[in-house]
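Tertiary structure, described
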Amino acid sequence: VYIFPKALGVPMHKTYSNTRQLLQQQQPEQPLYLFHRALLEQSIDRFQLGFPGLLTYAVKANPSALVINTMLQQGVVAYDVASLAEIELVQSLANKADQRVTLHYHNPVKPEQAIGKAWHDFGVRSYSLDDEAELDKLVRQIPDPSSTELSVRFVAPTKHQVLLDLNTKFGANVETAVSLLRKVAKAGFKPSLTFHPGTQCTEKQAYVDFIACAADIAKRAQVTLHRLNVGGGFPADYLKSQGPNLTEYFAVIEGAAKEYFDVPP
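For the structure given in this document, a descriptive report is provided here. (Residues numbered from 1 in each chain as written. Predicted model: local features only at pLDDT ≥ 70, side-chain atom pairs only at ≥ 80, totals over all residues. Heavy atoms only, no water.)

**Observations regarding the overall build of the protein chain**
This is how it is decided: A helix here means a DSSP run of H or I that spans at least four residues, while a strand means a run of E at least two residues long, and both kinds are numbered starting from the N terminus. Throughout this description, buried means an accessible area under 20% of the type-specific maximum (1.4 Å probe, protein chains only), exposed means over 50%, and partly exposed covers the range between. Here, two residues are considered to be in contact whenever any of their heavy atoms come within 4.5 Å of each other. The Shrake-Rupley method, run with a 1.4 Å probe sphere, supplies the accessible areas, and residue values consider only the shown protein chains as cover.
In terms of regular secondary structure, the protein chain is built from nine helices and 10 strands. Residues classed as buried in the protein chain amount to 42% of the 265 residues present. Excluding contacts between residues fewer than 6 apart, the proportion of contacts in the protein chain whose partners are at least 24 apart in sequence is 62%. Counting every atom, the protein chain has about 14,400 Å² of accessible surface; 52% of that belongs to carbon and sulfur.

**A closer look at the environment of Y79**
Selection rule: The definition of a polar contact used here is a pair of N or O atoms within 3.5 Å, where within protein one atom must be able to donate a hydrogen and the other to accept one, and adjacent residues in sequence count solely through side-chain atom pairs.
Checked against the element boundaries, Y79 lands in strand β5 (residues 78–81). As for Y79 and H104, which are separated by 25 residues in sequence, their C-alpha atoms are 6.1 Å apart. Among the polar contacts made by the side chain of Y79, one reaches the main-chain amide nitrogen of L72 at a distance of 3.5 Å.

**Quick notes on the side chain of E149**
Note that E149 resides in strand β8 (residues 149–153). Given a relative accessible area of 3%, E149 falls into the buried group. A polar atom in the side chain of E149 sits 2.7 Å from the side chain of S192. Not counting the four nearest positions on each side in its chain, E149 is found in contact with R125, S126, Y127, K190, S192, H226 and R227.

Have a look at this one:
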């Protein structure tokens, strides 16, 4: 499918069997947006069949309605959203498709009024945080902690090979994470942990190290986790760069979860 740039007016859609055919027939002088539905469906299937947990799509990766509608049609029910705009987008498309979705508002720094609006107007019951200031906002805005999951985002002390290390931007150190997790549980929320090893993480061991660190944080905080969110970072294939086999990543994650959290098979 190609879409003419908005500057040319109303977007036009047409299907081609391949990019070469599109270029031959259209000879475009302006950039085009291309959508390859079959490749997206293959990627969704790979995660649905292999990932040992709840598959969650990070909307910021590609907020196109074409992408999200395909996700909905393929049975993806959980979405990581970073703003009210993303919440409204996903919820509106889900409503049109008559599907229920779970939204995780996992930007660790959120406008306080956005927290209240997300909880009251859109039914968002999962949030993340990495400092006490954010916890204070969540406590003020959420009237029913027992129905709401708060995930403390932490940074593991071990560094790994990634294209972009997001841990320099977000995440509490281990000591702070222990303290925050205790306070989340004491405030009556469902206590969880979350991490992100970084963009294009090429070390499977990174997930093992983060999961082990999460187990240590929970043990030191004396808190039973509601959930552990293993974030993203899974390497993708690019034109001149072949990503590692994701099946190996899924197996490593499943094995580490069983080892460090005694998760049943």
